[in-house]
Amino acid sequence: MVKKNACIFISGKGSNLKNLIKKSREYNFPVKVKLVVSNNPTADGLNYAKKNSIPYLIIDTKSRNYEEKIIKELRRYNISLICLAGYMKIISKRFLSNYKKKIINIHPSLLPKFKGLNTFTRILKNKEKKTGCTIHHVNEKLDGGNIIVQKSFYIKHNDNEISLKNKTQQLEYLAFPEAIIKIFR
Ligand code: GRF
């Protein structure tokens, strides 16, 4: 199988990055992780890039034209899929138009419910019965693009923000690879 090249954008822990690197080693997984982009120079996730000898780019989002720098690297590595995995910055319209239909994001709720930040606090406050995660295409609206994969679980009476986050992340590790397979099927 000829694999396409993927780039993973992170800002923090990078457990989804770790999982995608592992998955991409499977011979029939459609992409390989060729590049990692982080807006945070101290993101723990960068260690997975280093450990696996994957080139990484640390960007300073305060510098002008930082997206141009990213695009230059994406072209250099012939990237056909961008996965936002805990990337905490908004992607500009201009950037989106360069990579239409090629950017996907993971969000820790059952979209369209609970877009934006602090999802677990709001989910508990709202006394939801179910929650989960969503992989969706990225468009100019925050957490608004077409849904590719969603996975859910029932919330228990003793769940708290930490347990919800843990359970959601376990589903994320299944949902992200599944969405990538679906895209290239
Ligand atoms: C994930 O829970 C994802 O839903 C959210 O950010 C988190 C990133 O986690 N967008 P990690 O850095 O992959 O561990």
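Side note on the pattern of salt bridges
Now for step 1: According to the stated counting rule, one finds six salt bridges in the structure shown.
Now for step 2: Close ionic contact of K113 with E128 constitutes a salt bridge, the shortest N to O distance being 2.7 Å. In this pair, K113 sits in the loop between β5 (103-107) and α5 (119-125) while E128 sits in the loop between α5 and β6 (130-137), placing the two residues 15 residues apart along the sequence.
Now for step 3: The buried category is assigned to E128, whose relative accessible area is 14%.
Now for step 4: E178 is the partner of K151 in a salt bridge, and the nearest nitrogen-oxygen pair spans 3.0 Å.

A word on the packing of aromatic side chains
Now for step 1: Taken as a whole and assessed by the stated rule, the structure comprises three aromatic pairs.
Now for step 2: Ring geometry for F9 versus Y87: centroids 5.1 Å apart, planes at 80°, classification edge-to-face. Remark: Y87 occurs in the loop between β4 (79-84) and α4 (93-98) and F9 occurs in strand β1 (residues 4-10); sequence separation between them is 78 residues. Judged on exposure class, the residue F9 and its partner Y87 are both buried.
Now for step 3: Through a chain of ring-to-ring contacts, the aromatic side chains of F9, Y87, F95 and Y99 assemble into a single cluster.

About the thresholds
All chains use their own residue numbering, which begins from 1 and follows the written sequence. Selection of residues for local features in this predicted model requires a pLDDT of at least 70, selection of side-chain atom pairs for listing and counting requires 80 or more, and totals for whole chains, interfaces and linings are taken over all residues. Derived side-chain values reflect all non-hydrogen atoms in the structure, with water molecules and hydrogen atoms excluded from consideration. Salt bridges are defined by distance alone: a side-chain nitrogen of Lys or Arg within 4 Å of a carboxyl oxygen of Asp or Glu. Only DSSP runs of H or I covering at least 4 residues are called helices, and only runs of E covering at least 2 are called strands; the numbering of each starts at the N terminus. Exposed residues in this analysis have more than 50% of their type's maximum accessible area, buried residues have under 20%, and partly exposed residues fall in between, with area computed by a 1.4 Å probe over protein chains only. Pairing of aromatic rings covers Phe, Tyr and Trp, the last counted by its six-membered ring, and requires centre-to-centre distances within 6.5 Å; plane angles under 30 degrees mean stacked, over 60 mean edge-to-face, and any other angle means tilted.

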